[in-house]
Amino acid sequence: MMPPVATSPRRSTPSARREPSRLLFPLGALLGVLSVLPFTLRGAGGGALGLFHPVAQTLGFLTCFALGFLYTVVPRLTRTRGPDGWDLLAGIAGPPVMVASAWVNATAVPYLLWSAIVAVAIQFTVTRLRVAPDRGAHPAAYAWLPLSLAAGLTGALLIAAAPHVARDGAPRVWAIGRGLLSQGLAAGLVLGLAGAVARRWGRTETDPAPSL
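Computed from a predicted model, the values in this text were never measured in an experiment.

Calculation notes
Residues numbered from 1 in each chain as written. Predicted model: local features only at pLDDT ≥ 70, side-chain atom pairs only at ≥ 80, totals over all residues. Heavy atoms only, no water. Helix = DSSP H or I, 4+ residues; strand = E, 2+ residues; numbered from the N terminus. Contact = heavy atoms within 4.5 Å. Areas by Shrake-Rupley, 256 points an atom, 1.4 Å probe, with all protein chains shown as cover. Phe/Tyr/Trp six-rings, centres within 6.5 Å; stacked < 30°, edge-to-face > 60°. Expected span 1.5 Å × (residues − 1). Buried < 20%, exposed > 50% of the residue type's maximum accessible area, 1.4 Å probe, protein only. Arc of directions from axis to C-beta. Salt bridge = Lys/Arg side-chain N within 4 Å of Asp/Glu carboxyl O.

The next thing to look at is the overall build of the protein. When its secondary structure is counted, the protein shows 7 helices and 0 strands. Beginning at the N terminus, the succession of helices and strands in the protein can be written as α-α-α-α-α-α-α. Taking the contacts inside the protein whose residues are at least 6 apart along the sequence as the reference set, 79% of them involve residues at least 24 apart. Accessible surface for the protein amounts to roughly 10800 Å². Of this, 67% is attributable to carbon and sulfur atoms.

Now for the environment of alanine 151. With respect to the secondary-structure elements, alanine 151 resides in helix α6 (residues 144-161). Placed 32 residues apart in sequence, alanine 151 and glutamine 183 show a C-alpha to C-alpha distance of 9.1 Å.

What the rule picks out here adds up to 5 aromatic pairs. Relative to phenylalanine 69, the ring of phenylalanine 25 has its centre 5.1 Å away and its plane inclined at 55 degrees; by these criteria the two rings are tilted. Separated by 44 residues along the polypeptide, phenylalanine 25 in helix α2 (residues 21-40) and phenylalanine 69 in helix α3 (residues 49-78) bring together distant segments of the chain. An aromatic cluster of at least three residues, connected via ring pairs, comprises Phe25, Phe61, Phe65 and Phe69.

Turning to α2, a few remarks are in order. Between the first and last C-alpha of α2 there are 28 Å, a value that for 20 residues agrees with the 28 Å anticipated at 1.5 Å per step. Along α2, the residues classified as buried are Ser21, Leu24, Leu27, Gly28, Leu31, Gly32, Ser35 and Pro38. Down the axis, α2 shows its buried residues gathered within 145 degrees of arc, on one side only. Exposed residues on α2 whose side chains face more than 90 degrees from its buried face are Arg22, Val33 and Thr40.

What follows covers the pattern of salt bridges. According to the stated counting rule, one finds 4 salt bridges in the structure shown. Its salt-bridge partner being arginine 76, residue glutamate 19 comes within 3.6 Å of it at the nearest N-O pair. A residue pair is termed long-range when its members are at least 10 positions apart, and glutamate 19 in the loop between α1 (15-18) and α2 and arginine 76 in helix α3 qualify at 57 residues. On the basis of relative accessible area, glutamate 19 is assigned to the partly exposed category, the value being 24%. Put simply, arginine 128 and aspartate 84 hold a salt bridge, and the shortest N to O gap is 4.0 Å. One end of the pair, arginine 128, is in helix α5 (residues 109-131); the other, aspartate 84, is in the loop between α3 and α4 (85-103), with 44 residues separating them in the sequence. Accessibility classification places arginine 128 together with aspartate 84 in one group, the buried group. Each of Glu19, Arg22 and Arg76 takes part in a single network of salt bridges with overlapping partners.

Structure representation (structure tokens):
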């Protein structure tokens, strides 16, 4: 795998790597529709709604939009290369597989798969922040990007482990994991991307930039 050297986007770069959001956003929208399909079918078919709906919403719908933003915006903000083929493969193939596994009641499988996808996203984000040409002047808000992914990763692992801990502690472990996954991930991404974009737009050439 070639290092994600700092570079300007070129027209010769495949559009899927220049703007992954064009693939991931429609996929996320489709999974969002599927997440409510069992309700319209009155529970007919598939696995338990208590498992399928949150997996399809968070690990499917939300993950596609989060990866779409990360893969599209981070290279532009850092002036680095877009996602590699295996980054895109994880983002495009992973969410449908997780949703399908929840449909057949594979309780822990979606969260373990999601943990692997988040590990890919953390590697993608941190690597590009490190090789960016102006990495010494990164807005402090960039720190939220890997932190939000780490929070989601921790939450997914806790949810997967909850059924295997002591019965009295399982609901608490599940609740903590659910909060980290749904709220920690989304809030961190919003703070990181919004803060970085706002800082870039609002900064003049003479303004100092808080650095990481």
